[in-house]
Amino acid sequence: MQTIKHFINTHKHMWWGLYLPVYLIMFFTIEHFITDNYWATQTVIDDYIPFVEYFAIPYDSWGPMLFVLGVFLILKDPESFRRYMWFIAIAFTTATIFCALVPNGQDLRPEAMPRQNLSSWILQMTYDADTNTNVFPSVHVLGVVAAISAMWHSPKLKRVWQIVGTVWFVIIAASTLLVKQHAFIDLAAALVWGAVVYVIVYVIIGHKRDKMGLRCGAETVEKEAGHDHSPDPGI
């Protein structure tokens, strides 16, 4: 028990992670109410994007990948974790609010799986768990932008993992189109809004915190030993 209390006291920044259950409540609430009478986001561009069920695996790896990155940052880079969570909180909340105000969805899913294999089975379960509504902008892609931004701003993550992680997250973004969970403009809108949120978190807020000495990554041995690197980081 003392070990747990000590961990919590020295990692207070982890409380930012409590946003995630809040988001899930918001998301599944609108998923329950918005099921039809929506703006269909597909365009002619989507006719040229093939359906590839094998991309169900990278698509479903999105949640675990975001979680693993978050745990790493909690343990190794508190300031990067804060900015990671701020990005997710701003991007996911605004996307959810937009979907509530402008009900949207896409009609791209195949009526039946063209092939029966492990990937199509995984994808069918994904379809059953997640509706084809509330897709603009793509939260999946917003999460990708959040993760890539956090990885490249954290000096605690080795370059090889930054590169490997970026490649995999790009594949995840592509998978949103290839498994027909999102239309092309869902992805495009997420990239645009993700860029705006990036400026808010890493340029505007980040610049101010950098000037205060609250930089990503440990700056001294003493601060690293305490799993933090700021004189008064709060949470």
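Let me sum up the structure you'll find in this document. A quick note: this is a predicted structure, and the numbers were derived from the prediction, not measured.

Focus on the overall build of the protein chain
The secondary structure content of the protein chain amounts to 10 helices and two strands. N-terminal to C-terminal, the α/β element order of the protein chain is α-α-β-α-α-α-β-α-α-α-α-α. Of the roughly 12200 Å² of accessible surface on the protein chain, 71% is carried by carbon and sulfur atoms.

Description of the nonpolar core
Grouped together as the largest cluster of nonpolar side chains are 38 residues, with contacts concentrated most on W62, L69, Y84, F87, I88, F92 and F169. For this core, the secondary-structure elements that each account for two or more residues are helix 2 (19-33), helix 4 (62-76), helix 5 (78-101), helix 7 (139-153), helix 8 (159-178) and helix 9 (184-211). Filtering out sequence-adjacent residues up to four positions away, F92 remains in contact with Y19, Y23, W62, V139, L142 and G143.

Looking at helix 9
For helix 9, built from 28 residues, the straight-helix expectation of 40 Å at 1.5 Å per residue is met to within 8% by its first-to-last C-alpha distance of 39 Å. At I205, helix 9 is bent by approximately 35°, the largest bend along its length. Among all positions in helix 9, only D186, L187, A189, A190, G194, V197, V201, Y202, G206 and R209 are buried. As for helix 9, its buried residues are in contact with helix 5, helix 7 and helix 8.

Focus on the packing of aromatic side chains
Overall, the coordinates contain 10 aromatic pairs when judged by the stated rule. With 5.2 Å between their ring centres and 25° between their planes, Y198 and Y202 make a pair best called stacked. Separated by four residues within a single helix, Y198 and Y202 lie in helix 9, roughly one turn from each other. What makes Y202 buried here is its relative accessible area of 7%. Through successive ring pairs, a cluster of aromatic residues spans Y19, Y23, F27, F28, W62 and F92.

Section: the side chain of T166
Topologically, T166 is positioned in helix 8. Taking relative accessible area as the criterion, T166 reaches 18% and is therefore assigned buried. Side-chain polar atoms of T166 contact the backbone oxygen of Q162, separated by 2.7 Å. Ignoring sequence-local partners within four residues, the contact set of T166 consists of I148, M151 and W152.

Some details on the packing of helix 7 against helix 8
Orientation of helix 7 relative to helix 8, taken along the N-to-C sense of each, is 170°, at an axis distance of 9 Å. The orientation of helix 7 relative to helix 8 falls into the category roughly antiparallel. Between helix 7, through H140, V141, V144, A147, I148, M151 and W152, and helix 8, the contact on the second element is made entirely by R159, W161, Q162, I163, G165, T166, F169, V170, I172, A173 and T176. Class assignment for the residues of the contact of helix 7 with helix 8 results in 12 nonpolar, five polar and one charged.

Let's talk about unusual backbone geometry
Following F136, the chain continues to P137 via a peptide bond in cis, the omega torsion being -5°. Structurally, P137 can be placed in the loop between helix 6 (118-129) and helix 7. The backbone of N134 sits at a positive phi, close to 60°, despite the residue not being glycine. Locating N134 in the fold gives a position in the loop between helix 6 and helix 7. The class of N134 is buried, set by a relative accessible area of 7%.

A word on the environment of G194
Tracing the sequence through the fold places G194 in helix 9. Residues G194 and P137, 57 residues apart in the sequence, show an inter-C-alpha distance of 9.5 Å. For G194, the contacting residues outside a window of four places in its chain are F87, L142 and V145.

Remarks on a nonpolar patch on the surface
A cluster of nonpolar side chains, W39, I97, L101 and V102, forms an exposed patch at the surface whose accessible area comes to about 380 Å². As for its position among the elements, I97 is in helix 5. Look at I97 and you get partly exposed, because its relative accessible area is 44%.

Parameters at a glance
- Residues numbered from 1 in each chain as written.
- Predicted model: local features only at pLDDT ≥ 70, side-chain atom pairs only at ≥ 80, totals over all residues.
- Heavy atoms only, no water.
- Helix = DSSP H or I, 4+ residues; strand = E, 2+ residues; numbered from the N terminus.
- Areas by Shrake-Rupley, 256 points an atom, 1.4 Å probe, with all protein chains shown as cover.
- Core = buried A, V, L, I, M, F, W, Y, C linked by side-chain atoms within 4.5 Å.
- Buried < 20%, exposed > 50% of the residue type's maximum accessible area, 1.4 Å probe, protein only.
- Contact = heavy atoms within 4.5 Å.
- Expected span 1.5 Å × (residues − 1).
- Bend = angle between axes of the 7 residues up to and from the residue.
- Phe/Tyr/Trp six-rings, centres within 6.5 Å; stacked < 30°, edge-to-face > 60°.
- Polar contact = N/O pair within 3.5 Å; in protein donor to acceptor, adjacent residues only side chain to side chain.
- Axes fitted to C-alpha atoms, helices over the stretch in contact; angles between N-to-C directions.
- Parallel < 35°, antiparallel > 145°, perpendicular 65-115°, else oblique.
- Nonpolar A, V, L, I, M, F, W, Y, C, P; charged D, E, K, R; others polar.
- Patch = residues over 30% accessible without salt bridge, like charges linked within 9 Å, V, L, I, M, F, W, Y side chains within 5 Å.
- Salt bridge = Lys/Arg side-chain N within 4 Å of Asp/Glu carboxyl O.

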